[in-house]
Amino acid sequence: MNCCLLLPFMLGIPLLLPCLIATENSKTEEVKHPAGSHLRVRRGWMWNQFFVPEEMNKTRHHIGQLRSDLDNGNNSFQYKLLGAGAGSIFVIDERTGDIYAVQKLDREERSLYTLRAQVIDTTTGRAMEPESEFVIRVSDINDNEPKFLDEPYEAIVPEMSPEGTFVIQVTASDADDPSSGNNARLLYSLRQGQPYFSIEPTTGVIRISSKMDRELQDEYWVIIQAKDMIGLPGALSGTTSVLIKLSDVNDNKPIFKDSLYRLTVSESASVGMSIGKIMAYDNDIGENAEMDYSIEDDSKTFDVITNNETQEGIIILKKRVDFEHQNHYRIRAKVKNRRVDEQLRKYHTEASTTFIKIQVEDVDEPPVFLLPYYLFEIFEGSPYGSFVGTVSATDPDQRKSPIRYSITRSKVFSIDDNGTVFTTNPLDREISAWYNLSVTATEKYSIEQSSAVPVYVQVLDINDHAPEFSEYYETYVCENAVSGQVIQTISAVDRDESIEDHHFYFNVSVVENNSSFTIIDNQDNTAVILTNRTGFSLQEEPVFYVSILIADNGIPSLTSTNTLTIHVCACDDTGSTQTCNNKDLMLSMGFKTEVIIAILICIMIICGLKQRRKQTLFPEKGEDFRENIFRYDDEGGGEEDTEAFDIVELQGGTVMRERKTRRATRVEIRSLYRQSLQVGPDSAVFRKFILEKLEEANTDPCAPPFDSLQTYAFEGTGSLAGSLSSLGSAVFDEDENYDYVNELGPRFKRLACMFGSAMQSNN
């Protein structure tokens, strides 16, 4: 079975390809057509690639024809077209095999279509041959103009740049096929921007062709055109605009607009005071317009500084003027740019100048100090009336009025009529190292004329403070500690100021006969405490007191003795502290004794309140809800009283006692505390106190109906004086017997007399 494929046009030349015949069992072979197209022969089909121009305006554009060599023209064969675009973009005449394009094709959207063809016998409905594949290529035409993709373009180039300086490169793209003739080959040209700019035709690089001055024009609009087909007739084009800005260079020097400035200054004006301004102008901008002013003044009375924001020159008084000495000045000022590049110095060869005439105004002047400020030094510890320094002021007027001096608000220093400053109180550098004083000078003949000067007094250090521990150390040693074990690292501080860095020396006091511990000085202002024996006993020696000598490197050197308290603790195998002496009980848990006691008391009170709430949640309707004030006249022995109670007793069961009235309870508690003063620390006293307070809270009808927290600050058995508080004394003074106060010693004799007198009056 044979077929042939007809190509009607190839580049405008009509072609009729001859049919190539092959048997059904023949292999696929390639045949080169004289016109240059490639044909493939496979099982009786001859197929190739079709070419169709894009953008064809015909409604049915004939592309080619498929024809089987078995087709004898009796209309018994039917041709079918399959694949992407078949039926919608491409159609086939089922009888003749002619292929048509029914839509306009755009190569830029799709340049290749792959289709399949099949021939069917209409009498049997069977395919005469297997499907055969061919392609349709859309050939390119110049239908796309160049486009600039990176718009808008903007460039900055320094003014006065030489010819050929690179500015910017613009790039356009063409969607046409670059391999199809010159459709996508572009040429660039300049439509606007001459004579200052030029462009390279093939690269789109814009360069400077003439120098430009920013002060005349600071920006330029350049229009660039890109043409395809290398500019040949029929080419398409696209344009873009480029904004080119000129950056400033320092090619202009500052210039004074006025040749003479007239200023005035009062002879009472203080040094540093501004007396006027001068102004120069610079056509440059930014840092290129920053300028510095200078003056030529032989008297060195005036100076000029530049205001960096306004670029004005501010004329200031460099030293005081005196009308009686000179009543006018004439000076010359110059101005120049602050920064000038070497290649631009030709524009700044000569600085602009102007003249300033300054007239001095006469006034009644206050006293003038010889110095703008005074700085004195004195050692700390100097005795009363020690000399500090002398200030001096004079009347600048012709009458030369005497001067009276005074110091404002100072309790440490004073000054006499000669301007001598001396001390009125001892000085301590560690309290205040500097004193800022203000000394006022007043004319005796004209007290409204006065002036002040700052006086700074520095207190110099002497070595009057011995070094001491830098912190409080809580040191512990295990019973099973071995000899040479480090148990503590110590350091020291010194409040004195040292010329050199502080250096401390550590040693154990030779007076103390304690060979259980030793010290090693690390020579870096620290030392370590080591055990000097193996094994310690918590029962026999629970606490050790080691005296540490610390010396400084001052002149003369000072030494202090600091006591390091070392507690013996029972430790486990890992060295963790378990039990220490009574003073530090529970220390391993991180709590102090007072904290543990307070927590246990609160727990007991809360439990008692919960038990009472179970009986009644709400009080009677007529009960009075008010704040409860608990008054206890009990005082402990302070922080040193660590054996006032045994905390183990708090773990015992609650002992309920019979209810007593508030008055009877207070009297009994007072009696218990006086008893504790005689018998010494007893845990029973504390236990009974807690139980009484708990019972009182449980039976109080005015207590809050819910759980409440009550804190009782019981610190120990108290001092020998008992409580001196007068709270609640008016309630039971009649029943209280204060005879025991007479037994407290001579310090409480007046208290005994006062209470004795009160008792006699009551009786």
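What counts and what doesn't
Residues numbered from 1 in each chain as written. Predicted model: local features only at pLDDT ≥ 70, side-chain atom pairs only at ≥ 80, totals over all residues. Heavy atoms only, no water. Helix = DSSP H or I, 4+ residues; strand = E, 2+ residues; numbered from the N terminus. Buried < 20%, exposed > 50% of the residue type's maximum accessible area, 1.4 Å probe, protein only. Phe/Tyr/Trp six-rings, centres within 6.5 Å; stacked < 30°, edge-to-face > 60°. Lys NZ or Arg CZ within 6 Å of the ring centre and 35° of its normal. Pairing = 2+ DSSP bridges. Disulfide = S-S within 2.5 Å. Axes fitted to C-alpha atoms, helices over the stretch in contact; angles between N-to-C directions. pLDDT = per-residue confidence, 0-100. Contact = heavy atoms within 4.5 Å. Salt bridge = Lys/Arg side-chain N within 4 Å of Asp/Glu carboxyl O. Polar contact = N/O pair within 3.5 Å; in protein donor to acceptor, adjacent residues only side chain to side chain. Patch = residues over 30% accessible without salt bridge, like charges linked within 9 Å, V, L, I, M, F, W, Y side chains within 5 Å. Areas by Shrake-Rupley, 256 points an atom, 1.4 Å probe, with all protein chains shown as cover. Lys, Arg positive; Asp, Glu negative; His and termini not counted.

Caption draft 1: How the structure looks around the overall build of the protein. Across its full length, the protein holds 5 helices and 48 strands. Buried positions account for 40% of the 763 residues belonging to the protein.

Caption draft 2: Spotlight on the packing of aromatic side chains. If you walk through the whole model with that rule in mind, you get 16 aromatic pairs. Where F256 meets Y293, the ring centres are 6.0 Å apart and the plane angle is 50 degrees; that geometry is what we call tilted. In this pair, F256 is assigned in strand 23 (residues 255–256) and Y293 in strand 26 (residues 291–296), connecting sequence segments 37 residues apart. Take F256: its relative accessible area is 8%, and that puts it in the buried class. Joined through ring pairs, the aromatic side chains of F369, Y374, F376 and Y405 make up one cluster. Over the ring of F355 we find R330; its NZ or CZ atom is 4.9 Å from the centre of that ring.

Caption draft 3: Representation of the sheet that holds strand 42 (residues 486–493) in the model. Read across the open sheet, the 4 strands follow the order 40-42-45-44; overall the sheet is antiparallel. Looking at strand neighbours, the two that pair on one side only are strand 40 (468–469) and strand 44 (517–521), the edges of this open sheet. Relative to strand 45 (residues 526–531), strand 44 runs antiparallel, the two being bridged by 5 bridges. Bridged to T518 within strand 45 is L530.

Caption draft 4: Focus on the pairing of strand 7 (residues 49–53). Residues F50 and V52 point to one face of strand 7 and are all buried, whereas Q49, F51 and P53, pointing to the other face, are not buried. Where strand 7 lies against strand 13 (residues 132–139), 5 bridges are found, and the strand directions are parallel. Among the inter-strand pairings, V52 is bridged to a residue of strand 13, identified as V138.

Caption draft 5: Looking closely at the state of the cysteines. Under the definition given, this model contains 1 disulfide. Put simply, C478 and C571 are joined by a disulfide, and their sulfur atoms are 2.0 Å apart. With the S-S bond torsion at -85 degrees, the cross-link from C478 to C571 turns out left-handed. A residue pair is termed long-range when its members are at least 10 positions apart, and C478 in strand 41 (residues 475–478) and C571 in strand 47 (residues 559–571) qualify at 93 residues. Assessed through its relative accessible area of 16%, C571 is described here as buried.

Caption draft 6: Spotlight on the sheet that holds strand 26. Spatial ordering of the open sheet is given by 24-30-29-26, a layout of 4 strands whose pairing is mixed. Only two strands of the sheet have a single partner each, and these edge strands are strand 24 (260–266) and strand 26. Neighbour-to-neighbour, the strand axes of this sheet turn through a mean angle of 30 degrees, independent of strand direction. Both strand 24 and strand 30 (residues 352–361) contribute to a ladder of 7 bridges, which runs parallel. Considered in strand 30, the bridge of S266 is made with E361.

Caption draft 7: Seen up close, the confidence of the model for the protein. When pLDDT is averaged along the protein, the result is 76; 72% of the residues meet or exceed 70. Per-element confidence in the protein ranges from a low mean pLDDT of 30 for strand 3 (residues 13–14) to a high of 95 for strand 20 (residues 205–208). This model gives residues 1–47 a pLDDT under 50, and the stretch forms 110 contacts once residues within four places in sequence are excluded. Within the model, the stretch residues 616–630 combines pLDDT values under 50 with 13 contacts to residues more than four positions away or in other chains.

Caption draft 8: Spatial organisation of the environment of R107. With respect to the helices and strands, R107 occurs in the loop between strand 11 (98–101) and strand 12 (112–121). Linking R107 and P53, residues 54 residues apart in sequence, is a C-alpha distance of 8.6 Å.

Caption draft 9: Summary view of the pattern of salt bridges. Per the counting criterion, the structure on display carries 14 salt bridges. Two residues, E287 and R339, come together in a salt bridge whose shortest N-O distance is 3.8 Å. A residue pair is termed long-range when its members are at least 10 positions apart, and E287 in the loop between strand 25 (274–281) and strand 26 and R339 in the loop between strand 29 (328–337) and strand 30 qualify at 52 residues. Linking K334 and E296 is a salt bridge whose minimum nitrogen-to-oxygen distance equals 3.2 Å. Taken together, the residues span a long stretch of sequence, with K334 in strand 29 and E296 in strand 26 at a distance of 38 residues. E296 sits in the partly exposed class, given a relative accessible area of 38%. Taken together, the shared-partner salt bridges in this structure form one network comprising E287, E290, D292, R338 and R339.

Caption draft 10: Structural context of the side chain of D395. For D395, the location among the structural elements is in the loop between strand 34 (393–394) and strand 35 (403–407). A polar contact of 2.9 Å, which involves the side chain of D395, links it to the backbone nitrogen of S401. What D395 contacts, discounting residues up to four positions off in sequence, is E365, K400, S401, I403 and E443.

Caption draft 11: View of the environment of Q359. Secondary-structure assignment places Q359 in strand 30. With relative accessibility at 35%, the residue Q359 sits in the partly exposed group. For Q359 and L263, which are 96 residues apart along the polypeptide, the C-alpha to C-alpha distance reads 6.4 Å.

Caption draft 12: Molecular detail of unusual backbone geometry. Cis geometry marks the peptide bond from E151 to P152, where omega comes out at -5 degrees. With respect to the helices and strands, P152 occurs in the loop between strand 14 (147–148) and strand 15 (153–158). The omega torsion across Q194 and P195 is 5 degrees, close enough to zero to call that bond cis. Note on placement: P195 falls in the loop between strand 18 (187–192) and strand 19 (197–199). Unusually for a residue other than glycine, Q523 sits at a positive phi of about 60 degrees. Structurally, Q523 can be placed in the loop between strand 44 and strand 45.

Caption draft 13: Region of the structure containing a nonpolar patch on the surface. Taken together, the side chains of Y373, L375, W434 and Y456 present a nonpolar region at the surface, about 430 Å² in accessible area. Along the chain, the position of L375 falls in strand 32 (residues 374–379).

Caption draft 14: Examining the side chain of D282 more closely. Tracing the chain through its elements places D282 in the loop between strand 25 and strand 26. Buried and unpaired, D282 has R214 as its nearest opposite-charge partner, separated by 7.3 Å. Within the structure, the side chain of D282 is placed 2.9 Å from the backbone nitrogen of D284, a separation counted as a polar contact. At a separation of 2.8 Å, a polar atom in the side chain of D282 contacts the side chain of N337. Not counting residues within four places of it along the chain, the set of residues in contact with D282 comprises N250, N252, K253, P254, N288, A289, M291 and N337.

Caption draft 15: Structural view of the environment of K253. Relative to the helices and strands, K253 is located in the loop between strand 22 (237–247) and strand 23. Spatially, the C-alpha atom of K253 lies 6.8 Å from that of Y347, the residues being 94 residues apart in sequence. Aside from chain neighbours lying at most four places away, what touches K253 is Y281, D282, N337, Y347, H348 and E350. In terms of polar contacts, K253 uses its side chain to reach the backbone carbonyl oxygen of E350, at 2.7 Å.

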